[in-house]
Amino acid sequence: MLRPRRLPPGRLLPSSPPLQVRSFFLPRRPLSSTNPSPYSSTSPFSRTLSIRPISFGQFGRLLGRSLRVPITGAAIGGGAFTAASYKLESFRNSTNDLLTTIGDQVSSTTSSFFNSASSTFNSASDVASDTFSTLQAKLNQAKEGLSDASTDVQAPEWIRSSWKWFKEGSVGGEEEVVVDEGGGEQSSSSEGGGGGGVPPPAPTIAALAALTATSKTQVVQEEDEDDSNLMQLTKKLIEIRQVLLSIDQSDSLKLPSIVVVGSQSSGKSSVLEAIVGHEFLPKGDNMVTRRPIELTLIHTPPTPSNPHPVEYGDFPSLSLTHLTDFSAIQKTLTDLNLSVPASEAVSNDPIDLRIYSPNVPDLTLVDLPGYIQIASMDQPPELQTKIAALCERYIQEPNIILAVCAADVDLANSPALKASREVDPLGLRTIGVVTKMDLVAPALGAQILKGNRYPLHLGYIGVVCKQPKKLLGLGGTVDDVTGAVLKREAGFFGGENAKVFRKPGEGLLVGTDTLRKRLMGVLETSMANSLHGITNAVQLELEAASYQFKVQYNDRRVSPDSYVAETLDTLKARFRDFSTQFSKPRIRTILKSKLDDKLLNILEQLYWADPRTSTDLTLSHASSNPGSDDLDPLWEHKLETAKSLLTKSGVGRDSTNLVADGLRQLIDTIAEGEPFSFHPDAAEQIIQFSHSILRERVPVTSDQVENCIKPFKYEVEVEDREWEVGRARAEELLERECGLMEGKLGEIRKRVGGRRTLDGLVRYVGEVETMKREILKRKLERARNGEEEVEEVVPPMDAYKYNAAHLAEARHAMIFQDRLAIIKLRRQALRSKRCKSGPDEKAFCPEAFLNVVADKLAYTSVMFINVELLDPFFYTFLSGIDSGLRPDLLKNTTFARENPTIRAHLDLQERKDKLEKVMASLQSLINLRQDSQQPSIDHRRGGFGSRGGGGGSGKGGVFGSFF
């Protein structure tokens, strides 16, 4: 019964015709002087409106009787229903003011009733036009619906009381209240009297049934819509969680996960496999789980384009995707765990596994190594401490703890509950999972699930997840594993045990299916609660990343493709710069230098080592008339020999290899410099590509050069200009050799202690050599004369005055002095008038002639090397970079990150982009939640009236929508 509210002075109700109701039946109750009726003429409320508030059940009966339509047959049904519609319209208009007044007095429980009744009355006219048979069918359905609603533990109280009234009728006598125009009230007794009550008419039942069904359907739809929105929120947040894990591993950017902890052999693996529906976790006698397994379950519902989604798993960090064989997933997990050395036994490096399936919920789980009491002989002694530290790291906030305990082990000895109480003393984020419930008596199992000794806010759930032996090792399907587990649990928790585990009022949670739903709900709620916190954290990280990106890189973006293009452009530019070193003059100079070394060696062998050179080709003959025949023909022969040695020494091969070596050195220099110093694979690819070009072109070029210089092997024509240039270069060459000899002698003088010491050493060595020659000469004479051999030796040297090292230096000095002397003689000969006269004196001046030949060989070789080797190499290399190397580098996703500078740029840029993406997703989720919660917020703000307050009959108000 609702209490009347006194209206403030001066406030009047909206004007409307007085309400005429002749059939309001109210329960009788005695009135006394001490308990006056609030509806008497002395009541303050009667001063404004002479009507009393009524109870909810009474109002329902009022509605039923106002809608009473006599149904006598199909012939008169249409007229009766038309009259009922007219009566209903009059009732709607006349009750506006009544409902406006009592609207503020009705509690929040009646709000759903009036909202539901609105649609009922709006469609009452259409319902009234149905035939009697349709009404009778609806009546039967309404009875069944009310029966279900009355037995539903979550049905509202008013539905259960209405069903009770529907079955029992009105109890006791009724009082008819008549409200007249004057505002007074009259009462009269109803016909029934007291007893069993009068059953309501069929139209009243139909209206109430439709009202009940509509309200219940609306509540269910709203709950389904909320659940759907929350599931979508969880799915999106799980996706966001994966992005956040790729951004940073810090605790500030982590969304909640469900961390599974428990001792070894407590049944953790069986619980997870029952949730997933596959046997995929590593198994073994010894400790197999050595690394955290971060398991992400992603629900993939059927779609029109894919009605039967395939179940598969991914290892993103290993680039293993779409593994449909769960035995392969199990093997991969086993290998990854066993890769941890036995000396360490546990690693903090997690394994990222994602399973996509239409049979799993959206969950994020972390499977950790099981707690141990005592380490075995083959395990490190600190293993227990390392496992505890690893688990403690993961069970921190905001993660949800799934503490797995075996039913046959006392909870006081459960290491999982001990660890959870340390970080979650109140048990606000801990779910207890009691496995192996079939190993204890049902009464004891039920007592454990009540959690009286160790209460948890999220409660305990009992499961029997042990799979049948026939499924073990077979890699069963979802129907095999999950179906078998559920069937086993249904058999255990049902039957006689149902009296213990499903006892009304106890609220015990049992079964794997219940565990899945509880995990979904807890994770959904936890993630929803973390939405604003993670949004703020992401916003701070985004602002920091944006500022850093602005300061360090001036918002300049870079991509792997742009870095590849920039790197190849750098390679080409550097190659072009270095290729200028291979101009014709520069190559000719280098080749000429090599030929000069050969020329000096030939002169050393044929001329400078011959003692006659110092007599026949000296100044004494240089004073002769040019063109005279005073030279021995031997020198002409030696000149031809020297020319053959120079032209037939493999100039084509040597010159081509010389240029090819220069190109290889060029490429090596480029590959060793930045940025290719950060890309060894790419540098090696460039080197190998250049070598392949050279391997193809060098033999062809060498043969071509040899063919081109072949005429010089037989005859060389020398012009006067060429002779003068050759003579000048020969003089420069000998001048350089003199300088080298003098430099060597100077170094020896420093090592032996000065010029005077060196001169003494040279004299001593000379005397020794002279003595050796004289002894050898006398030995030969005695042998020729047949005389007896006499042993003669060189007197030993004075060890205090000379040593062996100094004597060796003296012998080297003597060689350099002899060569320096002959070179000085040849330099004077080149400066003589006879050598300057022309190429006819080439036999007297072999140095000038050989220099001219070397110059011709270098010029001709460079010309054909440029055509056959350099030009093809430059073109092929640059075109090969674009056609061969560029596509390979573009396919290489890690190429840009090999450069530390670019890697830092890309990391910050990608971090900023991911944070912006996550921030946009979070903001959209916040907006979505606000939009989904807006009706309930407006409902709370507006009460029974419109959004702006007040209870008028406007479109926005509850009563307005009701009618």
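Look up: the structure comes first, before these words.
Definitions and cut-offs
Residues numbered from 1 in each chain as written. Predicted model: local features only at pLDDT ≥ 70, side-chain atom pairs only at ≥ 80, totals over all residues. Heavy atoms only, no water. Helix = DSSP H or I, 4+ residues; strand = E, 2+ residues; numbered from the N terminus. Buried < 20%, exposed > 50% of the residue type's maximum accessible area, 1.4 Å probe, protein only. Contact = heavy atoms within 4.5 Å. Pairing = 2+ DSSP bridges. Core = buried A, V, L, I, M, F, W, Y, C linked by side-chain atoms within 4.5 Å. Salt bridge = Lys/Arg side-chain N within 4 Å of Asp/Glu carboxyl O. Expected span 1.5 Å × (residues − 1). Polar contact = N/O pair within 3.5 Å; in protein donor to acceptor, adjacent residues only side chain to side chain.

Caption draft 1: Structural detail: the overall build of the protein chain. Per the secondary structure count, the protein chain includes 31 helices and 13 strands. Looking at the protein chain as a whole, 45% of its 963 residues are labelled buried. For the protein chain, restricting intrachain contacts to residue pairs at least 6 apart in sequence, the fraction spanning at least 24 positions comes to 79%.

Caption draft 2: Structural view of the pairing of strand 9 (residues 363–367). Taken across its five residues, strand 9 has five buried, putting it largely inside the fold. Pairing between strand 4 (residues 258–262) and strand 9: three bridges, direction parallel. Across the sheet, Val260 pairs through a bridge with Asp367, a residue of strand 9. One ladder, built from five bridges, connects strand 5 (residues 293–299) with strand 9; its direction is antiparallel. Opposite Leu295, over in strand 9, you have Leu365 as the bridge partner.

Caption draft 3: Spatial organisation of the nonpolar core. Counting 94 residues, the largest nonpolar core has Leu663 and Phe873 as the members making the most contacts within it. Per-element accounting of this core gives the leading share, 18 residues, to helix 29 (residues 846–891). If near-sequence neighbours (up to four positions away) are discounted, Phe873 is found in contact with Phe575, Leu663, Ile667, Ser690, Ile693 and Leu694. Ranked by size, the runner-up nonpolar core spans 64 residues in total, among them Ala274, Leu353, Ile355 and Ile431.

Caption draft 4: Structural detail: the pattern of salt bridges. Inspection of every chain in the model, using the stated rule, returns 40 salt bridges. Across the pair Arg488 and Asp438 runs a salt bridge whose closest N-O atoms are separated by 3.2 Å. Linking Arg488 in helix 14 (residues 478–493) with Asp438 in the loop between strand 11 (430–435) and helix 13 (442–450), this pair joins segments that are 50 residues apart in sequence. Under the relative-accessibility criterion, Arg488 is labelled partly exposed at 34%. Close ionic contact of Arg831 with Glu735 constitutes a salt bridge, the shortest N to O distance being 3.3 Å.

Caption draft 5: Structural view of helix 16 (residues 512–529). The end-to-end C-alpha distance of helix 16 is 25 Å, a good match for the 26 Å that 18 residues give at a rise of 1.5 Å each. What helix 16 keeps buried is the set Thr512, Leu515, Arg516, Leu519, Met520, Val522, Leu523, Glu524, Ser526, Met527 and Ala528.

Caption draft 6: Up close: the environment of Arg354. Along the chain, the position of Arg354 falls in strand 8 (residues 351–357). Taking the C-alpha atoms as reference points, Arg354 and Glu294, 60 residues apart in sequence, are found 8.2 Å from one another. Once residues lying within four places of it in the same chain are set aside, the contact partners of Arg354 are Gln242, Thr296, Tyr312, Gly313, Asp314 and Pro316. A distance of 3.3 Å separates a polar atom in the side chain of Arg354 from a polar atom in the side chain of Asp352.

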